[in-house]
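Here's the letter readout for the chains.
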Amino acid sequence: MQTQLKALPPLNVPSPVSALAVDSTGVWAGGLGGIAFYDGSEWHTRFAGLTLSSITALLRVGNWLIAGGTDGIARSGDGGVTWQPCPVKGGAPTIAAIVASPKYEKDKTLLAASINMGTLRSDDEGQTWEVSAFALESYEVLALLWTKDGALIAGTTNGLYRSPNAGRAWRLSEHCAPVTALTQLPNGALLAALETGELMVSTDKGDTWEAHDNNLPEGAEISMLAGTLLGTSNALYTGSDDGATWTQLLEGTIFSLTNAPDGTPYAGVDGGVMRGGASGWTELPPAPIHDVRQVIALGDDVLVAGRLSALLKYHAGAWHPLGGVPLPLSLVTRQKELIYASGIDGLYVSSDQGASWLRLWAEGYLSHLAFQPNGVGYGSRADGTQLVRTLDAGATWQTTKSPFGVLPVVALAATDTMIFAGIFDPRRRVIGLWRSTDGGQRWFPGAEIPAQWGIAAAFPNPPMLALPNALLVGGPKPDDPWTSALFDQPGVQVRTITGDAAVQYALSLTQGIFESHDQGRQWHHVPLDLPEDQIMDISYDAGHLVILLVGGRVYTT
């Protein structure tokens with residue numbers, strides 16, 4: 001029998017559209033929280049299974065949708081319904097742009113601009129990538145252009161480069177201020193925008209460049225170019241075929257630009273997508289690409305949060321933004337009747353469900369936080385360099401060097417007798433269980449589980465640590481053995497645990513929600529009339545299970 005759910009009103013969280021791709025079937029928009037697809041009538045989220053967090057580049061080429069973000073590259077062969085991570089030899093690049101060879105149908109070659117590894121090259125339709133930045137003096141590449149007639153240009157922080165051999169090597173053709181955008185004009189000339197607001201033009205496929213006179217406002221912060229479209233920090237312009245004369249079309253910051261195969265222009269703005277046409281520019285419905293990925297049940301109310309999205313509270317039938325905590329957020333958690341939020345400006349606490357906030361500690365940029373009943377609290381810094389501890393329920397804090405070295409804490413919880421954590425070792429590809437029985441002064445290692453990613457979850461009562469392919473359950477005493485929980489379905493990988501002492505709920509990666517009534521030892525699947533692979537987070541309080549789906553849809557029992 002399916003559990004009955006009530007849908008809360010949809011979230012309306014405007015988010016900048018930082019990447020666009022278009023083909024005859026529709027529009028893909030990327031941003032802080034992933035990717036969405038517009039089919040002409042409505043948006044559909046397209047980031048289930050996507051390993052990238054914030055999307056900065058999109059390319060539709062052949063049968064593939066290629067996405068680049070702050071933590072690498074992924075591709076999809078079904079328009080974003082499913083995704084494959086694309087390994088990059090040598091590290092994790094932050095992607096600024098992705099372009100395809102003009103001979104892509106034959107050579108299957110793609111290039112990507114990264115701001116930390118130079119240019120990257122793929123000869124297998126984006127499946128694998130490697131650094132291809134020979135002779136680049138700057139590995140901070142901000143823009144790429146590969147024209148139909150073969151000109152390949154990279155814009156970096158120290159100038160403009162041209163590659164004569166499909167991106168295998170580069171030659172500096174113009175030393176100049178950082179290059180923010182590149183395009184080819186209808187007259188065949190190449191146009192480059194500089195961080196200083198100047199334009200440069202080349203009429204010989206990028207071999208030489210010269211300043212380009214224009215009528216743009218002095219000091220315009222040019223962020224985007226696409227043909228005769230030019231975007232700045234406060235307006236969108238259309239230009240003449242030679243790029244000398246520009247006319248303002250729209251006001252507002254332009255985050256992305258592209259042209260559809262039929263020539264229709266699209267612009268990503270702060271909160272949505274604008275589409276140009278014969279009768280002017282129209283705004284598409286808001287794209288659900290915000291980064292709201294956490295939900296906290298508060299009795300009859302609900303709190304949702306995203307790293308760069310404002311905190312929102314559902315109360316009395318409507319969503320209300322909560323102020324008082326500066327963004328971006330690294331942590332939002334509930335400990336009994338208190339809500340803690342942490343960001344670059346410190347650690348904050350609210351005792352009235354988010355209505356007001358008190359800053360506890362200016363240095364509290366935390367990723368995890370847990371309290372014992374006696375007021376001893378323990379946390380980890382978001383940068384992984386230090387652990388923090390309080391002996392007086394957060395009134396004062398102490399820092400100490402992490403006993404785990406540079407290894408990040410991926411889960412943390414506390415009982416009345418111990419603090420335990422999941423520690424991810426990316427080199428050895430394992431997550432280990434560590435425990436402390438003296439308030440975090442000394443730590444002792446336990447079981448290790450193989451793990452490709454640092455995905456884990458912890459729960460205090462009963463003590464549980466969810467690792468890849470295993471949910472370990474401890475006892476009330478620190479020296480009680482940890483045993484593996486049993487599920488009524490095979491291959492369950494748990495990423496979130498919530499509940500109370502009587503009932504616990506576990507959210508799996510792809511198989512939905514499970515519940516336990518025997519202190520976490522046995523788990524049974526909860527049938528729901530929801531797409532299980534789109535559940536982002538769950539939270540339980542006072543008999544209410546709250547479920548957050550991708551795109552910001554929220555349901556409660």
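Placed above this text is the structure.
Residues numbered from 1 in each chain as written. Predicted model: local features only at pLDDT ≥ 70, side-chain atom pairs only at ≥ 80, totals over all residues. Heavy atoms only, no water.

A. Spatial organisation of the overall build of the chain. A tally of regular secondary structure across the chain gives 1 helix and 58 strands. Here the chain has a C-alpha radius of gyration of 25 Å; the compact-globule value for 557 residues is 24 Å, and the two agree. Each of the 557 residues in the chain was classed as buried or not, and the buried ones make up 54%. Taking all contacts inside the chain whose residues are at least 6 apart in sequence as the whole, residues at least 24 apart take part in 41%. Accessible area for the chain stands at about 23600 Å²; split by element, carbon and sulfur atoms hold 50% of it. If you average the places of the 33 positive and of the 53 negative side-chain charges in the chain, the two averages end up 7 Å apart. (Helix = DSSP H or I, 4+ residues; strand = E, 2+ residues; numbered from the N terminus. Rg over C-alpha atoms; globule rule 2.2 N^0.38 Å. Buried < 20%, exposed > 50% of the residue type's maximum accessible area, 1.4 Å probe, protein only. Contact = heavy atoms within 4.5 Å. Areas by Shrake-Rupley, 256 points an atom, 1.4 Å probe, with all protein chains shown as cover. Lys, Arg positive; Asp, Glu negative; His and termini not counted. Charge placed at Lys NZ, Arg CZ, Asp CG, Glu CD.)

B. Geometry of the nonpolar core. Of all hydrophobic cores here, the largest spans 30 residues; its most connected members are Leu-58, Val-302, Val-304, Trp-319 and Val-554. Among the secondary structure elements, those contributing two or more residues to this core are strand S2 (17-23), strand S4 (34-38), strand S6 (55-61), strand S7 (64-69), strand S31 (292-298), strand S32 (301-306), strand S33 (311-315) and strand S57 (544-549). Ranked by residue count, the leading element in this core is S31, at 3 residues. Among residues more than four places away in sequence, those in contact with Leu-58 are Ala-19, Leu-20, Ala-21, Trp-28, Ala-29, Gly-30, Ile-35, Leu-65, Ile-66 and Ala-67. (Core = buried A, V, L, I, M, F, W, Y, C linked by side-chain atoms within 4.5 Å.)

C. How the structure looks around the environment of Ala-260. With respect to the element layout, Ala-260 can be found in the loop between strand S27 (254-259) and strand S28 (265-269). On the basis of relative accessible area, Ala-260 is assigned to the buried category, the value being 10%. Other than its neighbours up to four places away in sequence, Ala-260 contacts Val-22 and Tyr-266.

D. Examining the sheet that holds strand S17 (residues 159-162) more closely. Spatial strand order, S15-S16-S17-S18: 4 strands in an open sheet with antiparallel pairing. The sheet is open, and its two borders are formed by strand S15 (141-146) and strand S18 (171-175), each paired with just one other strand. Strand-to-strand twist in this sheet, taken as the mean axis angle between neighbours without regard to direction, amounts to 25°. Here S15 pairs with strand S16 (residues 152-156) via 5 bridges, running antiparallel. When the sheet's bridge partners are listed, Ala-143 is paired in S16 with Gly-155. (Pairing = 2+ DSSP bridges. Axes fitted to C-alpha atoms, helices over the stretch in contact; angles between N-to-C directions.)

E. Local environment of the sheet that holds strand S44 (residues 419-425). The strand order across the open sheet formed by 4 strands is S43-S44-S45-S46, and the pairing between neighbours is antiparallel. Of all strands in the sheet, those with a lone pairing partner are strand S43 (409-414) and strand S46 (444-450), marking the two edges. Each adjacent strand pair in this sheet contributes to an overall mean axis angle of 20°, direction not counted. With 7 bridges joining them, S44 and strand S45 (residues 430-436) adopt antiparallel strand pairing. Opposite Phe-420, over in S45, you have Arg-435 as the bridge partner.

F. Spatial organisation of the side chain of Lys-313. You can see Lys-313 is positioned in strand S33. For the buried residue Lys-313, which engages in no salt bridge, the nearest side chain bearing the opposite charge is Asp-301, 4.0 Å off. Of note is the side chain of Lys-313, whose polar atom sits 3.3 Å from the backbone oxygen of Gln-353. Setting aside anything within four residues of it in sequence, one finds Lys-313 in contact with Asp-301, Val-302, Leu-303, Ala-318, Trp-319, His-320, Leu-322, Asp-352 and Gln-353. (Salt bridge = Lys/Arg side-chain N within 4 Å of Asp/Glu carboxyl O. Polar contact = N/O pair within 3.5 Å; in protein donor to acceptor, adjacent residues only side chain to side chain.)

G. Representation of unusual backbone geometry within the structure. Going from Leu-327 to Pro-328, the amide bond is cis rather than trans, its omega being 0°. Note that Pro-328 resides in the loop between strand S34 (318-322) and strand S35 (329-335). Residue Pro-462 is reached from Asn-461 by a cis peptide bond, and omega for that bond is 0°. Tracing the chain through its elements places Pro-462 in the loop between strand S47 (457-459) and strand S48 (464-467). Residue Ala-316 is not a glycine yet carries a positive backbone phi of 55°. Tracing the sequence through the fold places Ala-316 in the loop between S33 and S34.

H. Molecular detail of the packing of aromatic side chains. Inspection of the entire model under this criterion finds 13 aromatic pairs. Taking the centre distance of 4.7 Å and the plane angle of 40° together, the rings of Trp-28 and Phe-37 count as tilted. With a relative accessible area of 2%, Trp-28 lands in the buried category. The exposure class assigned to Phe-37 is buried, which follows from its relative accessible area of 10%. Plain terms: the ring middles of Phe-420 and Trp-482 are 5.3 Å apart, the flat faces sit at 65° to each other, and that makes the pair edge-to-face. One end of the pair, Phe-420, is in strand S44; the other, Trp-482, is in the loop between strand S49 (470-473) and strand S50 (483-484), with 62 residues separating them in the sequence. With relative accessibility at 17%, the residue Trp-482 sits in the buried group. Through a chain of ring-to-ring contacts, the aromatic side chains of Tyr-340, Trp-361, Phe-371 and Trp-397 assemble into a single cluster. When the ring centre of Trp-64 is taken as origin, the NZ or CZ atom of Arg-75, which lies over that ring, is 3.6 Å away. The lysine or arginine in question, Lys-108, covers the ring of Tyr-104, its NZ or CZ lying 5.6 Å from the ring centre. (Phe/Tyr/Trp six-rings, centres within 6.5 Å; stacked < 30°, edge-to-face > 60°. Lys NZ or Arg CZ within 6 Å of the ring centre and 35° of its normal.)

I. How the structure looks around the pairing of strand S23 (residues 222-226). Examined bridge by bridge, S23 and strand S24 (residues 229-232) share 4 bridges and lie antiparallel to one another. The partner of Leu-225 across the bridge, within S24, is Leu-230. A loop of 2 residues connects S23 with S24, the two strands running antiparallel in sequence, and Gly-227 in this loop sits at a positive phi of about 65°.

J. Representation of the environment of Thr-557 in the model. Following the sequence through the fold, Thr-557 ends up in the segment after strand S58 (554-556). The sequence separation of Thr-557 and Leu-545 amounts to 12 residues, and the corresponding C-alpha distance is 5.4 Å. If we ignore the near neighbours within four places in the chain, the residues touching Thr-557 are Thr-3, Gln-4, Leu-5, Gly-543, His-544 and Leu-545.

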